[in-house]
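In case you want the letters, here they are:
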Amino acid sequence: MMSLLRRPGALLALGLGLVVLTPRPAAAQIESGIAVGARAPVVTVNDLDGKPVDLGRYVGRQPVVLEWWATWCELCEAMLPRVKAVHATYGDRVAFLGINVTVNQTPARVRKYLETHQPPFRTLYDDRGTSIRA
């Protein structure tokens, strides 16, 4: 994993807070068609204020951790201490982006969660489903 984080353009994707590192692809990876370490498609996703954020500013330019999450996701919350620990170690070399999937979410609810839990990532609010479709 450390060599993945050191390579320019490498991507570590944490899908809804679940990471599976096995010698062969996990079932979810096969279904989605995206392998761990694959370069993510470059898309634009809004932030909580509705301003577009071009993921091309990050993807392919530096290592990136993308985490798709929701305030109601128990796995996301359980994984948060690990994300914080990884950020404490690699945060100066790796971009951390948390993409809220917006299912049963409002910007106000997301902001309240951020205040309480203080995740170590820049939060995006995928109200159009752009990143999920990509």
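Residues numbered from 1 in each chain as written. Predicted model: local features only at pLDDT ≥ 70, side-chain atom pairs only at ≥ 80, totals over all residues. Heavy atoms only, no water.

Enquirer: Any details on the environment of V64? Residues and values, ideally.
Expert: Secondary-structure assignment places V64 in strand 4 (residues 64-69). For the pair formed by V64 and F96, sequence separation is 32 residues and the distance between their alpha carbons is 5.9 Å. (Helix = DSSP H or I, 4+ residues; strand = E, 2+ residues; numbered from the N terminus.)

Enquirer: How would you sum up the packing of aromatic side chains? Please name residues and give values.
Expert: Enumeration over the complete set of coordinates arrives at two aromatic pairs. Plain terms: the ring middles of W69 and Y113 are 5.1 Å apart, the flat faces sit at 35° to each other, and that makes the pair tilted. Residue W69 is located in strand 4, and its partner Y113 is located in helix 4 (residues 107-117); the two are separated by 44 residues in the primary sequence. Ring centres 5.8 Å apart and planes at 45° place the aromatic pair W69 and F121 in the tilted group. Of this pair, W69 sits in strand 4 while F121 sits in the loop between helix 4 and strand 6 (122-125), placing them 52 residues apart in sequence. (Phe/Tyr/Trp six-rings, centres within 6.5 Å; stacked < 30°, edge-to-face > 60°.)

Enquirer: An account of helix 3 (residues 74-90) is requested, with residue identities and associated values reported.
Expert: The end-to-end C-alpha distance of helix 3 is 24 Å, a good match for the 24 Å that 17 residues give at a rise of 1.5 Å each. The sharpest bend along helix 3 reaches about 40° and sits at L80, with the proline P81 one to four residues further on. Within helix 3, the full set of buried residues consists of C76, M79, L80, V83 and Y90. (Expected span 1.5 Å × (residues − 1). Bend = angle between axes of the 7 residues up to and from the residue. Buried < 20%, exposed > 50% of the residue type's maximum accessible area, 1.4 Å probe, protein only.)

Enquirer: Any chance you could break down the pairing of strand 4 for me, citing the residues and the numbers?
Expert: Taking burial as the measure, the six residues of strand 4 include six buried ones, the bulk of the element. Residue alternation in strand 4 divides its side chains into two sets, V64, L66 and W68 and V65, E67 and W69, and both sets are buried. Pairing between strand 4 and strand 5 (residues 95-100): six bridges, direction parallel. The residue bridging L66 from the neighbouring strand is L97, located in strand 5. (Pairing = 2+ DSSP bridges.)

Enquirer: Outline the pattern of salt bridges, supporting the account with residue identities and numerical values.
Expert: What the rule picks out here adds up to two salt bridges. D49 is paired through a salt bridge with R111; the nearest N and O atoms lie 2.7 Å apart. Taken together, the residues span a long stretch of sequence, with D49 in the loop between strand 2 (44-46) and strand 3 (52-54) and R111 in helix 4 at a distance of 62 residues. The class of D49 is exposed, set by a relative accessible area of 56%. The exposure class assigned to R111 is partly exposed, which follows from its relative accessible area of 31%. Taking the shortest distance from any N to any O, the salt bridge between D92 and R93 comes out at 3.5 Å. Exposure remark for D92: the relative accessible area of 68% places this residue in the exposed category. (Salt bridge = Lys/Arg side-chain N within 4 Å of Asp/Glu carboxyl O.)

These values are about where atoms sit, not about what they do.
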